[in-house]
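# Chains, contacts and geometry: an overview
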Amino acid sequence: MTEPLIRLAGLKFGYPGRPDVLRGLDLTVWPDSRLGLVGPNGCGKTTALSIIMGLIKPREGRVEILGRECRREADFLDLRPQLGFVFQDADDQLFCPTVGEDLAFGPLNLGASRAQAAEIVQETLQTLGLEGFGPRVTYDLSGGEKKLVALGTALALKPKMLILDEPTTFLDRRSIGRLETAVKATGLPFLIVSHDQDFLDRMVEARLIIEEGQTRPL
Amino acid sequence: MSHASALSGRGPLARADSRLKIVGLVVWSALLAVLEGRRAATAGLAGSLALILLCSPSRPRAFFKTLLLANSFLLFIWLALPFSFSVPGRVVWSWGPLKATAEGLALSAELSVKALAITSAAMAVTVSTGAFELLSAVRALGAPEKLAAMTALMLRYIQVVGQEYGRLTAAMKVRGFRPRASLHCLRSWANLAGMLLVRGLDRGERVRAAMLCRGWRGKFFLERERTFKRLDAFLGLAWALAAAATAYLSWGGVS
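Residues numbered from 1 in each chain as written. Chains lettered and ligands numbered in written order. Predicted model: local features only at pLDDT ≥ 70, side-chain atom pairs only at ≥ 80, totals over all residues.

### Considerations on the packing of helix H4 (residues 99-109) of chain A against helix H5 (residues 114-127) of chain A
Residue and element names in this part refer to chain A. Their axes nearest at 9 Å, the elements H4 and H5 cross at an angle of 125°. One finds that H4 runs oblique with respect to H5. Seen from above, H4 lies across H5 with right-handed handedness. Residue-level inspection shows Gly100, Leu103, Ala104, Pro107 and Leu108 of H4 in contact with H5, the latter providing Gln116, Ala117, Ala118, Ile120, Val121 and Thr124. Class assignment for the residues of the contact of H4 with H5 results in eight nonpolar, three polar and no charged. (Axes fitted to C-alpha atoms, helices over the stretch in contact; angles between N-to-C directions. Helix = DSSP H or I, 4+ residues; strand = E, 2+ residues; numbered from the N terminus. Parallel < 35°, antiparallel > 145°, perpendicular 65-115°, else oblique. Left-handed = near helix turned anticlockwise from the far one by under 90°. Contact = placed C-beta atoms within 7 Å. Nonpolar A, V, L, I, M, F, W, Y, C, P; charged D, E, K, R; others polar.)

### Brief notes about the domain arrangement of chain B
Each domain of chain B was delimited in the assignment, giving domain 1 (2-129 + 226-252) and domain 2 (144-213). Here domain 1 of chain B and domain 2 of chain B have C-alpha centroids that lie 35 Å from each other. (Domains from an automatic or database assignment.)

### Things to note about the interface of chain A and chain B
Reports of interface size often rely on the accessible area that becomes lost once the parts have come together. Contacts between the two partners involve 20 residues from chain A and, on the opposite side, 20 residues from chain B. Breaking the side of chain A that touches chain B down by element, the ones donating at least two residues are helix H3 (90-93) and H4 of chain A. Take the side of chain A that touches chain B: its biggest share by element is four residues, from H4 of chain A. Partitioning the side of chain A that touches chain B into residue classes produces 13 nonpolar, four polar and three charged.

As structure tokens, this is what we get:
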């Protein structure tokens, strides 16, 4: 039997001074999952993603990434790049002056040489249809281009899956179309958090909703 | 920011080794600052103008406009220095109690020429290099990585913060806010500044999280491969000769 990419079991988490936002949340992502995660504002979608990435720690519950149980920061260090996380605001993700340097940052972190990183940058730009964008300055890009590059920074890590947090916010229909094509073309399994029902209709094969701090199929 | 970033050099100076340009600029500026005499100062200005030619800025009008702006502080020198209350000497012009002296005028002229020469050289170097390559080169010359990385991040996000500021002030304006000398206005500005700080902090946390998600372990990759080319040797030599000639004009006659 194949093992899940992500398994969350019985997660409990609350921000200080407020009632628990996650009250025993379970979530499993399989290597062939194309999963959408929905729910009203403040229901804990982003919190769940932050726990998956090890950016915040649950008070209770079990986090398994690629079959390994993760508790401490050290457990997450090697696993994070394999999950290909794309942030909601591309300006958070793209911190380098140029597109090429941003795409190279991940591979360099993973120990690639300059030459290898440059190769991955070219490859990534090609898959996204952004040939020649390497030297472009990040803050001169349009919102749609920034989003594609942000996806590119995740793809450059050669991840086992993608996690997209509200990928369609701030995007027009054409940019959403390009993003859609790019994500599908990777053939990777993914987990998408979104309010955009049309987008989810086209992308995912199953949906989970978070209600009362727990997931249930929709 | 986008205005400044649009300026770039197309000449040979843009292709030269950035380390050489930085070292050259430091030495050249120090020399220009201490040299004596109008002849030497003029020679220095000529050298700096040659640097601008070598830089060959992409938009000359914008380049010289910025250069002029950078030299606007010279106005204060000309408001104070030429007159007898600052530099006593032979009076060449007077208007009421104001008496301009020949020595004062000469000193103002020399200072202006020097300042113009230094800012010209600095602009030629920075414009032909670009902010991030400049940081990378400063790092290559031994500056601390953290400092260089922080400056690079600041340059990247100053525009994002600027946009945030624009959105916040627009939201204030559409609700009828107008700057006045009132407590309400001061309080609103304080809120605006506070909000920018809080958002900046949040942004910083998210950027860090995004970096961690890409396997960041605390190292920035500012280093680039650098080779010292024939162009660099030539430029370095020419610059050194110009500096020597300027120094000779300043101190060569006196022994």
